[in-house]
Amino acid sequence: MWIRGPNVMLGYLGDAEKTREVIQDGWYNTSAVARIDADGFIFITDRLARFSKIGGEMVPHGAIEELLQGSFDPSERVLAVTAVPDEKRGERLVVLYTPSAGGADRLRGILRESDLPNLWCPAPNAFHEVDELPQLATGKLDLGALRKMALQRESTAGP
């Protein structure tokens, strides 16, 4: 979603390169994925940071999380999907889950029974249990910390 108006920032203080990345011809790239309904209402459905480019295809983390989380109490987030670099395909998916998720076998079983494309299903060895999922002070998932956790677990897990 790109926005424009007097209320939109002019750029990042002291960072002209980052400003050029997100502002073009006065339009600001919010990195949000949105849709507009027939009545003109805008619905933000995801963020580009929540997608992975795998083998040239954009894979939405939110869709995978929604499928997996749907088997649990909706008031408790028990898992999150992120990605780590992959030499051959660009990125690969990783699922971090808490003990409340019931284990990697349960999560892999949910994916096997789903109709998600194979490309959207993390490899069997890409599921890692964590004590808790990292959160920001706002209560939202800390995507940067999540990715760091995934990189650490993947580097110690081996092939």
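Look up: the structure comes first, before these words.
From a predicted model like this one, the values you see are computed outputs, not experimental measurements.

S.K.: Teacher, can you tell me more about the pairing of strand β9 (residues 90–97) here?
M.R.: One face of the sheet, then the other: side chains in a regular strand alternate in exactly this way. With 6 of its 8 residues buried, β9 lies for the most part within the structure. In this structure, strand β8 (residues 79–86) lies alongside β9, joined through 8 bridges in antiparallel fashion. By the bridge assignment for β9, Val81 is matched with Val95. Two successive antiparallel strands, β8 and β9, enclose a turn made up of 3 residues. Sheet topology places β9 next to strand β10 (residues 127–129); 3 bridges connect them, and they run parallel. When the sheet's bridge partners are listed, Tyr97 is paired in β10 with Glu129. One crossover worth recording links β9 to the parallel β10 by way of helix α3 (residues 104–112), and it is right-handed.

S.K.: So what exactly am I meant to see when it comes to the nonpolar core here?
M.R.: Note on soluble globular proteins: their nonpolar side chains tend to be buried together. By size, the foremost hydrophobic cluster in this structure holds 19 residues, and its most contacted members are Ile64, Leu68, Leu79 and Leu107. Secondary-structure elements contributing two or more residues to this core are α2 (61–69), β8, β9 and α3. When residues in this core are grouped by element, the largest group, 4 residues, is from α3. For Leu79, the residues in contact, after removing those within four places along its chain, are Glu65, Leu68, Gln69, Phe72, Val95, Leu96, Tyr97, Leu107 and Leu133.

S.K.: Would you explain the packing of aromatic side chains in this entry?
M.R.: Note on aromatic pairs: each is described by the distance of the centres and the angle between the planes. Scanning the model with the defined rule gives 0 aromatic pairs in all. Above the plane of the ring of Phe43 lies Arg35, whose end atom (NZ or CZ) is 4.4 Å from the centre.

S.K.: Got a minute to help me understand the sheet that holds β10 in this structure?
M.R.: Spatially, 3 strands are ordered β8-β9-β10 in an open sheet, and the strand pairing comes out mixed. Either end of the sheet is taken by a strand with one partner, and the two such strands are β8 and β10. Each adjacent strand pair in this sheet contributes to an overall mean axis angle of 30 degrees, direction not counted. Sitting on the sheet, α2 is in contact with β8 and β9, with an inclination near 140 degrees to β8. Lying on the sheet, α3 is in contact with β8, β9 and β10; it crosses β10 at an angle near 145 degrees.

Thresholds, definitions, all that
- Residues numbered from 1 in each chain as written.
- Predicted model: local features only at pLDDT ≥ 70, side-chain atom pairs only at ≥ 80, totals over all residues.
- Heavy atoms only, no water.
- Buried < 20%, exposed > 50% of the residue type's maximum accessible area, 1.4 Å probe, protein only.
- Helix = DSSP H or I, 4+ residues; strand = E, 2+ residues; numbered from the N terminus.
- Pairing = 2+ DSSP bridges.
- Right-handed = clockwise from strand over helix to strand, strands pointing away.
- Core = buried A, V, L, I, M, F, W, Y, C linked by side-chain atoms within 4.5 Å.
- Contact = heavy atoms within 4.5 Å.
- Phe/Tyr/Trp six-rings, centres within 6.5 Å; stacked < 30°, edge-to-face > 60°.
- Lys NZ or Arg CZ within 6 Å of the ring centre and 35° of its normal.
- Axes fitted to C-alpha atoms, helices over the stretch in contact; angles between N-to-C directions.

Just distances and angles here, no functional claims.
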